[in-house]
Amino acid sequence: MTGAVIAQPSMAARLTGARVGRRRTVVDRSMRTIAMGAAFLCALPLAAVLFFVAANGLSALSLDLITKPPRALGIGGGAANAVVGTLQMVPLAALIAVPVGVLGAVYIAEFANSRSARVIRFCADVLVGMPSILIGVFVFTFLVLPFKQFNGFAGSVALAVIMIPVVMRTTEESLHLVPNSLREASLALGVPAWRTVLSVVLRTGLPGILTGSMLAIARAMGETAPLLFTALGSRVVNVGDFGRPMDSLPLFIYVNARQPVDALNQQAWGAAFLLLLIVLIINVAVRARSWGRRIG
Amino acid sequence: MTSATVTAAARFGRAASRVPDVVFRSGSGVLAWVAVGILGLLAALLVANSGQALAKFGISFLTGTTWDPIAGIYGALPFIIGTIASSFIAIVLATPIGLLTAIFLAELAPRRVAIPLTFTIELLAAIPSVVFGLWGVFVLGPFLSRTVEAWVVDTLGWIPIFAGPPFGVGLFTAGVILTLMILPTIVAISRDMITAVPDSQREAMLALGATRWEMITNAVLPYARSGIIGAVILGLGRALGETMAVTMVIGNRPQIPQSIFDSSQTIASQIATTFNEASIGLQTSALISLGLVLLVITMTLNVIARLLVWRVAGPQGTS
Amino acid sequence: MTNRASRLASLAFGAIVVIAGCTSPGATTGPTTGGQASGPPASGGMSQPQVPSGNVTLSGAGATFPALLYQVWIEKFGEAHSNVTVDYQAIGSGGGIKAITQQTVDFGASDAAMKDEEIAALPAGTKILHVPTALGAVVVIFNLAGADGSAIKKLNLDGDTIAGVFLGKITTWNDPAIAALNADVASNLPATPIKVIHRSDGSGTTNAFTTYLATVSSEWKDSVGAGKEVNWPTGDGAPGNDGVSGGVKTADGRIGYVELQYAVVSGLSSAAVKNANGKFVAGSSAGVTAAAEGAVDAFPDDFRAAPIINGPGDDTYPIAAYTYLLLYQDQTDATKGQALTAFLHWALTDGQSEEKAIGYAPLPAPIQQKALEELHRITTGGSPIWPM
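Reading the values: the criteria
Residues numbered from 1 in each chain as written. Chains lettered and ligands numbered in written order. Predicted model: local features only at pLDDT ≥ 70, side-chain atom pairs only at ≥ 80, totals over all residues. Helix = DSSP H or I, 4+ residues; strand = E, 2+ residues; numbered from the N terminus. Buried ≥ 20, exposed ≤ 12 C-beta atoms within 10 Å, placed from the backbone. Contact = placed C-beta atoms within 7 Å. Rg over C-alpha atoms; globule rule 2.2 N^0.38 Å. Core = buried A, V, L, I, M, F, W, Y, C linked by C-beta atoms within 7 Å. Axes fitted to C-alpha atoms, helices over the stretch in contact; angles between N-to-C directions. Parallel < 35°, antiparallel > 145°, perpendicular 65-115°, else oblique. Left-handed = near helix turned anticlockwise from the far one by under 90°. Domains from an automatic or database assignment. Nonpolar A, V, L, I, M, F, W, Y, C, P; charged D, E, K, R; others polar. pLDDT = per-residue confidence, 0-100. Pairing = 2+ DSSP bridges.

Caption draft 1: Quick look at the overall build of chain C. The number of helices and strands found in chain C is 13 helices and 15 strands. Each of the 388 residues in chain C was classed as buried or not, and the buried ones make up 56%. Long-range pairs, those at least 24 residues apart, make up 73% of the contacts in chain C between residues at least 6 apart in sequence.

What follows is the structure, given as structure tokens:
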């Protein structure tokens, strides 16, 4: 790796000669242009998705969409079952995942010896890359089969399993940025380690922890696969009964995207608009903050 | 990413010895080990429940080409090929575009361009899979079948892997959607890897009179190479395990595809579409075995990728 | 265990309500709160089972074939009994059988009767009742623009041709086999490639359709066979009747098979299929009724009827099937058991009149009678919920 520069002895030789020089300039210019083209090409899909979701979704957006459950034969009705389900399952998932993720990260960053920290960090990284459908199978086995009911609680846990490693890793990174002098100062004042962590380290790392948690929430909100075998989906507005099936916006989109009725496809676009709106607002808000810091 | 040089070795190792500290420390330790526990349980679950199918078919489970619930014959090859082929298309498309983008963002673009562009690409990663799927079914699929697919089939259709007819559903559409889904990963990590290259590398090259592009290809990329490969592998891992968007556009056809425009089926998609109804016993066990195959593939790739990225950026690097 | 879990979950939810500050009326209550209605059932014959007075929610899952009918039933029944909520998820017949076997639902639904080995897979001591609720036709839907650009809305198909298409032997719409059956539109049949859409999940609709194909084509019988989930020689998979009709609808040249009502709601054309008497018959409620009437005597004592294929009669539609609700004979939750029995009784009596209008066929009177008698066998704690 370090030999990269040394490995170019011919370069000096190549740098002579005007004709060669012109060719080199052309290559340089054109490759830079191509790189720029690629970068703007990358931005295109976001615009395309946003455009079509907005174009199709806005016309489907109505009060009925968020206040009425699905009706028989796709006549009227809305996605209230999905909105209500998402608004329950995702917060419960966050309630489980954020404490586990944050305190787990505290352990890795502050207490663990380097070997166990490495093992935990590695497993968290593998979990981040875990196909979410397998998490659905996992939670189905432990929280659906024993309780003899597809249920919203299992859906929340499945989402939490997806969130935990994300929260853990982002929190850990932000804890590493907390200067050690703060810890030492606190300890020197006789504050016990646990209070130092809670009131000094976590407080200082709070912006990063919030960022990671909000991004994890946004990700969980859009997950479909882990809910297929756990929350199952429901056509009923289920308020508060986590022991029964629940719907969610992604499940609603998945089911209604395949319906043979235009009105239901429209509702899928409407739900996609709502989902994308929430997810993007969270992302923009959180990232704009950190971008602001990076620029400033 | 910045080098957080503090090793994770127990900052409060000695200080945390009083009872509340010990309680706090072990409490948080238990929660940290939850991640390990989940992974272990998940792996154990897959291994235990795949037993029936693997005992019956042995290694021929991996090479079997038939998935026939009536005859009770289950072979994983169509799904393995579908998974690898769709991800391969994505990697072929996303690697050059992603790498060029990362180069542009890290080395060429002025800040006022780079920052909003980076932001836009990060937002692409935030789009839920199912929304990509919806868009793929109603917009991208029909568009591709009329344009790219129709053109390729007309001009290159005599080559079997480009044979039509173009339906807008299948490996290619799935591959294009996966491309969009893994681009942000490849761009973000490659950019970090390029940024991590020390300036001395660049300065040495420029001092020799190299152009910007020569500096990039001769000094920056070789230095960041293993990290960039890691980024691509992480993208690959994501593509292999992606479920919903693929399920909605790949055609759910459990046969070995002959052309990139054929319908196909991935492992994750087969589990998603049939796990809730697969007969208890052999069929479910065969599905779990598919899950195990997927777990092994994605875990292996993740391990390789992490090691490569860590070589460049250190273990606290990109997550 | 379930109760404790849901109470725990409700507690957890309570915390969220406080945190999120959202206001929610207690629209649903846990399964236990309807307890006041779950006393011992009154002895002596009741003319019809009583609907419990507390709030009850029944969770069911299964077949997509009757889902459009069940959605209507659930709405109508809910209008009369607002305290009973029936939550039916259409996930496919295979899913319905699996869910009732793993006991993850209050009731299942399937339009393929459970096979012996599926009954054998039930947990020890569990008995499942098959209650037929309706019949439906499996129709062949297509989405086809003619050579002149106008949509082709009528096609005649016979068993050999349908089998040829689904075997992947007939690959374009202007194939001579199709043209021969459709002299009137033969010149307008385009060279468009045929794209088959079939089910990706375990399905009673597939069971009926492949049973038909195995009956009319020995090649199909030998190379593919009949069942809820088969190894398709060609085509793409889609989940549910909704997915198949949705898939066929998205692009020109596609063909699939669904319950009649899915063709109606999707606005897709379906083929007239040649029946046992050599007549081409479009799928209809009347055509299914004719098939069912002809097969009443063959209805088995254990209720597990095979699809009715190629029944006799000029007007008989050749691919029809019963659809069933699957219930635990012994209901562990008395209130739910009462609600389920009452719902089924309503479906088998008042509900039957809804069927014709939405593309299903009511049960023939003798079968309806048998089904109602079957409800007397539902018990809770060993005693019948609706005694004779």
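Let us keep going from here.
Caption draft 2: Just the overall build of chain A, in detail. Counting secondary structure elements, chain A contains 11 helices and zero strands. When the helices and strands of chain A are read in sequence order from the N terminus, they spell out α-α-α-α-α-α-α-α-α-α-α. Rg of the C-alpha trace for chain A: 25 Å, well past the compact-globule value of 19 Å for 296 residues, more than 25% over. Here chain A, with 296 residues, has 58% of them falling under the buried criterion. Taking all contacts inside chain A whose residues are at least 6 apart in sequence as the whole, residues at least 24 apart take part in 75%.

Caption draft 3: Quick look at the nonpolar core. Within the largest apolar cluster, 323 residues are counted, with the highest numbers of intra-cluster contacts made by Met163, Ile253 and Ala272 of chain A together with Ala35 and Val131 of chain B. Considering each element in turn, this core owes the most residues, 19 residues, to helix H4 (residues 80-111) of chain A.

Caption draft 4: Summary view of the packing of helix H10 (residues 249-257) of chain A against helix H5 (residues 129-146) of chain B. Contact geometry of H10 of chain A with H5 of chain B gives a least axis separation of 9 Å together with a crossing angle of 20 degrees. Relative to H5 of chain B, the element H10 of chain A is oriented roughly parallel. The hand of the H10 of chain A/H5 of chain B crossing is left-handed. Across the interface between the two elements, Pro250, Ile253, Tyr254 and Ala257 of chain A of H10 of chain A pack against Val130, Val131, Gly133, Leu134 and Val137 of chain B of H5 of chain B.

Caption draft 5: Local environment of the domain arrangement of chain C. All names here are of chain C. Along its sequence, chain C is carved into domain 1 (3-135 + 323-384) and domain 2 (137-319). Facing the 27 residues of domain 1 at the interface are 28 residues of domain 2. Within the residue set of the side of domain 1 that touches domain 2, elements represented by two or more residues are helix H3 (93-101), strand S4 (128-143) and helix H13 (365-375). Of the residues assigned to the side of domain 1 that touches domain 2, the class counts are 15 nonpolar, nine polar and three charged.

Caption draft 6: Main features of the confidence of the model for chain A. Residues and elements named next belong to chain A. Across chain A, pLDDT averages 90, with 91% of residues at or above 70. At the level of individual helices and strands, chain A shows its lowest average pLDDT in helix H1 (residues 10-14), which scores 52, and its highest in H10, which scores 97. Counting contacts from residues 1-9, a segment whose pLDDT is below 50, to residues more than four positions away or on other chains yields 10 contacts.

Caption draft 7: A look at the pairing of strand S3 (residues 107-110) of chain C. Residue and element names in this part refer to chain C. By the alternation rule, side chains of S3 split into Phe107 and Ala109 and Gly108 and Ser110, which are all buried. Two strands pair when backbone bridges link them, and strand S1 (residues 56-62) and S3 are joined in this way by three bridges, in the parallel orientation. Its bridge partner being in S3, alanine 61 is matched across the sheet by glycine 108. Bridge count for S3 against strand S13 (residues 319-328) is four bridges, and the pairing is antiparallel. Of the residues in S13, the one forming a bridge with serine 110 is tyrosine 324.

Caption draft 8: Highlighting unusual backbone geometry. In this chain, glycine 164 of chain B is followed by proline 165 of chain B through a cis amide linkage whose omega measures 0 degrees. Tracing the chain through its elements places proline 165 of chain B in the loop between helix H6 (148-156) and helix H7 (171-195).

Caption draft 9: Main features of the interface of chain A and chain B. On the chain B side, the residues contacting the 93 residues of chain A number 91 residues. With 19 residues, helix H2 (residues 18-60) of chain A is the single largest residue contributor to the side of chain A that touches chain B. Tallied by class, the residues present in the side of chain A that touches chain B amount to 69 nonpolar, 14 polar and 10 charged.

Caption draft 10: Spatial organisation of the packing of helix H1 (residues 19-57) of chain B against helix H12 (residues 282-313) of chain B. All names here are of chain B. The geometry of H1 relative to H12 is characterised by a closest axis approach of 7 Å and an angle of 125 degrees between their N-to-C directions. Comparing the axis directions of H1 and H12 gives the class oblique. Note that H1 runs across H12; the crossing there is left-handed. The residues of H12 that touch H1, namely those facing Ala43, Leu46, Val47, Asn49, Ser50, Gly51, Gln52, Ala53, Leu54 and Lys56, are Leu282, Ser285, Ala286, Ile288, Ser289, Gly291, Leu292 and Leu295.

Caption draft 11: Up close: the confidence of the model for chain C. Residue and element names in this part refer to chain C. Of the residues in chain C, 88% have a pLDDT of 70 or more, and the chain-wide mean is 89. Overall, residues 4-44 carries pLDDT values under 50, and its contacts beyond four positions in sequence, including any with other chains, amount to 68 contacts. Scored by ipTM, the complex comes to 0.92, with pTM at 0.91.

Caption draft 12: Broad picture of the sheet that holds strand S5 (residues 156-157) of chain C. Spatially, S5-S10-S11 (chain C) is the arrangement adopted by the three strands of the open sheet, whose pairing is mixed. Of all the strands in the sheet, the pair left with one neighbour each is S5 and strand S11 (280-281) of chain C.

Caption draft 13: Molecular detail of the interface of chain C and chain A. Contacts between the two partners involve 39 residues from chain C, matched on the other side by 31 residues from chain A. Where the side of chain C that touches chain A is concerned, the elements lending two or more residues are helix H1 (2-20), S1, helix H2 (67-80), strand S2 (84-90), helix H9 (240-250) and helix H10 (260-266) of chain C. Of the residues forming the side of chain C that touches chain A, the biggest block, nine residues, is contributed by H1 of chain C. Of the residues in the side of chain C that touches chain A, the class split is 17 nonpolar, 18 polar and four charged.

Caption draft 14: Structural context of the pairing of strand S6 (residues 195-199) of chain C. Residues and elements named next belong to chain C. S6 sits mainly inside the fold: five of its five residues count as buried. Note: S6 against strand S8 (residues 254-259), three bridges, orientation parallel. Note on S8: the bridge partner recorded for valine 196 is isoleucine 255. The pairing of S6 with strand S7 (residues 236-238) spans three bridges and is classified as parallel. Bridge pairing in S7 links isoleucine 197 to aspartate 236.

Caption draft 15: Looking closely at the environment of alanine 313 of chain B. Residue and element names in this part refer to chain B. For alanine 313, the location among the structural elements is in helix H12. For alanine 313, a count of 21 C-beta atoms within 10 Å corresponds to the buried category. In the structure, alanine 313 is positioned 276 residues away from glycine 37 in sequence and 27 Å away in space, judged by C-alpha atoms.

Caption draft 16: Summary view of the domain arrangement of chain A. All names here are of chain A. Splitting chain A by domain gives domain 1 (10-57) and domain 2 (63-295). Each partner contributes to the interface: domain 1 provides four residues, whereas domain 2 provides five residues. A breakdown of the residues in the side of domain 1 that touches domain 2 according to their chemical character gives two nonpolar, two polar and no charged.

Caption draft 17: Broad picture of H3 of chain C. All names here are of chain C. Judged by how many residues are buried, H3 sits mostly within the fold: nine of nine residues are covered. Of all the positions in H3, only Ser93, Gly94, Gly95, Gly96, Ile97, Lys98, Ala99, Ile100 and Thr101 are classed as buried. Residues of H3 that are buried sit in contact with S1, S3, helix H4 (116-120), S4, helix H7 (204-216) and S13.

Caption draft 18: Up close: the environment of valine 34 of chain B. Relative to the helices and strands, valine 34 of chain B resides in helix H1. We classify valine 34 of chain B as buried; it has 22 C-beta atoms within 10 Å. The contacts of valine 34 of chain B, once residues within four sequence positions are left out, are Val100, Gly104 and Ile164 of chain A.

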